[in-house]
Amino acid sequence: MHPSKDVGIQILKHLSTTALANEVKPQKMELSYPPTGAEIFQDLRTHSDFFNHLNGESHSKFNWIDFLMGWEAMKDNANPLMEFHTPLVAFDVIAHPGKGLSKCVPGIPAVLERGDVCMRMHKDGCPLLYSVITPAGTITCPHCDNTGSGHIILLTYGIKLVLWWDCDPEVLKYYGDIHCLKKGQLSLNAVKTWPGLKWAILDEPGQYLIMEPGQIHAVLSPVNSAVSGWSFAISDWIENGKLGKMMDWEMTLVEKRLENPEIGFDSPFIRGGPVETMSNDLELWTMWLNSGVLSGQSESNLKSLLERMSQRLEEINGRTRKRKADGKSK
Ligand SMILES: O=C(O)CCC(=O)C(=O)O
Ligand SMILES: [Fe+2]
């Protein structure tokens, strides 16, 4: 039996008994045609970073054929504990314009058409579409991807159950204890105990949800599935203080980890960890300011937020460099 099966069933039981009223209906956009495994593998051929869902390790030694073995095995009900059938997850698979999944996704959701939007882009200015491709049985633990930007979760293949929480202080406190630390499969516990749970089922290609900056979410894939999306920022999040509040929270957490290395000092600094993602978000904000799409007040608020956050991040980087140098000279 798949090791995640019991957790998945218990999550579904909880939703259907205690949290039925918390369901949210997704939004929908047109796709040119429903993506198939062919489009998925066209994108995966150039991908090199795969994650072993069962032991939490990331590997660049795997390639798309290793991924294919786990993917096909999960589809056919195989034993995931057989080494050759290891279900690997592919995060941040960059779509190539005009090929693979992006061929099926001709446009962008309405919110991204707005004049004040800033999006993660390719070098040529074309919006960057990326995907998360997960074999059946994957349960992605509660996490937030970015505090300085939001993103779209668009179903391109299979079925997803997306669970998320309003970012109230209690949830931030619980989540702060596990952010970027390997603490095991905590989804069921979070679903049962964290307040402000919402959930949605995405089961038609083109259905999507918007995740706000710092929005904590977990995702369950009952069958082989893929979601695609864009990272972006809108001026509402400057005006309602969301960007400042969430990045402040994450910076403070990283600063505290620096003071208490024993609770996972190095974790925030790994590739793709919060220091790297916050620095990417600050680059996105710089691009946003340079694009001239913001109104006077939003522009000046973002400018001062950017200065404040850049300074904190610089201090964090300085302290990390010093700690590493001290460690080496011992
Ligand atoms: O599909 C998954 O398992 C994770 C997706 C996710 O977390 C995201 O798109 O932000
Ligand atoms: Fe995510």
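Residues numbered from 1 in each chain as written. Chains lettered and ligands numbered in written order. Predicted model: local features only at pLDDT ≥ 70, side-chain atom pairs only at ≥ 80, totals over all residues.

**A word on the overall build of the chain**
No. 1: Scanning the chain for helices and strands turns up 10 helices and 14 strands.
No. 2: For 330 residues, the compact-globule estimate of 2.2 N^0.38 gives 20 Å, and the chain sits close to it at 20 Å.
No. 3: A principal-axis box enclosing the C-alpha atoms of the chain has dimensions of 55 × 50 × 40 Å.
No. 4: Classification of the 330 residues of the chain by burial places 38% in the buried group. (Helix = DSSP H or I, 4+ residues; strand = E, 2+ residues; numbered from the N terminus. Rg over C-alpha atoms; globule rule 2.2 N^0.38 Å. Buried ≥ 20, exposed ≤ 12 C-beta atoms within 10 Å, placed from the backbone.)

**Details of the site of ligand 1**
No. 1: Taken together, Val132, Thr134, Thr138, Thr140, Asp145, Ile153, Lys160, His217, Val219, Ser221, Val227 and Gly229 are the residues near ligand 1.
No. 2: Elements represented by at least two residues in the shell around ligand 1 include exactly β6 (130-134), β12 (216-220) and β13 (225-229).
No. 3: Here the residues of the shell around ligand 1 sort into 4 nonpolar, 6 polar and 2 charged. (Near = placed C-beta within 6 Å. Nonpolar A, V, L, I, M, F, W, Y, C, P; charged D, E, K, R; others polar.)

**Thoughts on helix α3 (residues 64-75)**
In an α-helix, one turn spans 3.6 residues, which is why side chains three or four residues apart end up on the same side.
No. 1: Its 12 residues give α3 an end-to-end C-alpha distance of 16 Å, which sits within 8% of 16 Å, the value for a rise of 1.5 Å per residue.
No. 2: Along α3, the residues that are buried comprise Trp64, Phe67, Met69, Gly70, Trp71 and Met74.
No. 3: Residues of α3 that are buried in the fold lie against α2 (37-44), β2 (50-52) and β4 (88-94).
No. 4: Just downstream of α3, Asn77 is the residue with a positive phi angle, here 70°. (Expected span 1.5 Å × (residues − 1). Contact = placed C-beta atoms within 7 Å.)

**Details of α2**
No. 1: Among the residues of α2, those classed as buried are Glu39, Ile40, Asp43 and Leu44. Around the axis of α2, the buried residues are gathered within 135° of arc, so they sit on the same side.
No. 2: Residues of α2 that are buried in the fold lie against α3, β4, α4 (100-104), β6, β8 (150-157) and β13. (Arc of directions from axis to C-beta.)

**Brief notes about the pairing of strand β11 (residues 207-211)**
No. 1: β11 sits mainly inside the fold: 4 of its 5 residues count as buried.
No. 2: For strand β1 (residues 27-28) and β11, the ladder comprises 2 bridges, and the chain directions are antiparallel. Of the residues in β11, the one forming a bridge with Lys28 is Gln207.
No. 3: Where β8 lies against β11, 4 bridges are found, and the strand directions are antiparallel. Each residue of the ladder has a partner; that of Leu154, found in β11, is Tyr208. (Pairing = 2+ DSSP bridges.)

**Comments concerning the domain arrangement of the chain**
No. 1: Partitioning the chain into structural domains gives domain 1 (5-233) and domain 2 (236-329).
No. 2: Taking the mean C-alpha position of each, domain 1 and domain 2 sit 24 Å from one another.
No. 3: The partner domain 2 presents 24 residues to the 18 residues of domain 1 that form the contact.
No. 4: The class makeup of the residues in the side of domain 1 that touches domain 2 is 6 nonpolar, 9 polar and 3 charged. (Domains from an automatic or database assignment.)

**Looking at the nonpolar core**
Nonpolar side chains tend to gather and get buried jointly when the protein is soluble and globular.
No. 1: Judged by nonpolar contacts, the single largest core of 72 residues is most densely connected at Phe67, Ile153, Val162, Leu163 and Ala233.
No. 2: Among the domains, domain 1 (5-233) and domain 2 (236-329) are the pair contributing at least three residues each to this core. (Core = buried A, V, L, I, M, F, W, Y, C linked by C-beta atoms within 7 Å.)

**Looking at unusual backbone geometry**
No. 1: In the Ramachandran plot, Asp92 falls in the positive-phi region, its phi being about 50° despite a non-glycine side chain.
No. 2: As for its position among the elements, Asp92 is in strand β4.

**What about the environment of Lys324?**
No. 1: With respect to the secondary-structure elements, Lys324 resides in helix α10 (residues 296-329).
No. 2: When the 12 C-beta atoms within 10 Å are taken as the criterion, Lys324 is described as exposed.
No. 3: Here the alpha-carbon distance between Lys324 and Leu209, two residues 115 residues apart in the chain, equals 40 Å.

**Notes on the sheet that holds β12**
What holds strands together in a sheet is hydrogen bonding between their backbones, with the strands either parallel or antiparallel.
No. 1: A sheet is described by the order of its strands in space; here 4 strands give the open sequence β7-β12-β9-β10, paired in antiparallel fashion. Among the strands making up the open sheet, the edge pair consists of β7 (139-143) and β10 (197-202). Sheet twist, expressed as the mean angle between neighbouring strand axes with direction ignored, is 15°.
No. 2: Here β7 pairs with β12 via 3 bridges, running antiparallel. Directly across from His143, in β12, lies its bridge partner His217. (Axes fitted to C-alpha atoms, helices over the stretch in contact; angles between N-to-C directions.)

**A word on the pairing of β6**
No. 1: The buried fraction of β6 amounts to 4 of the 5 residues, a majority that puts the element mostly inside the structure.
No. 2: Direction of pairing for β4 relative to β6: antiparallel, over a ladder of 3 bridges. Bridge assignment links Ile94 to a residue of β6, and that residue is Tyr130.
No. 3: Relative to β13, β6 runs antiparallel, the two sharing 5 bridges. Opposite Thr134, over in β13, you have Ser225 as the bridge partner.

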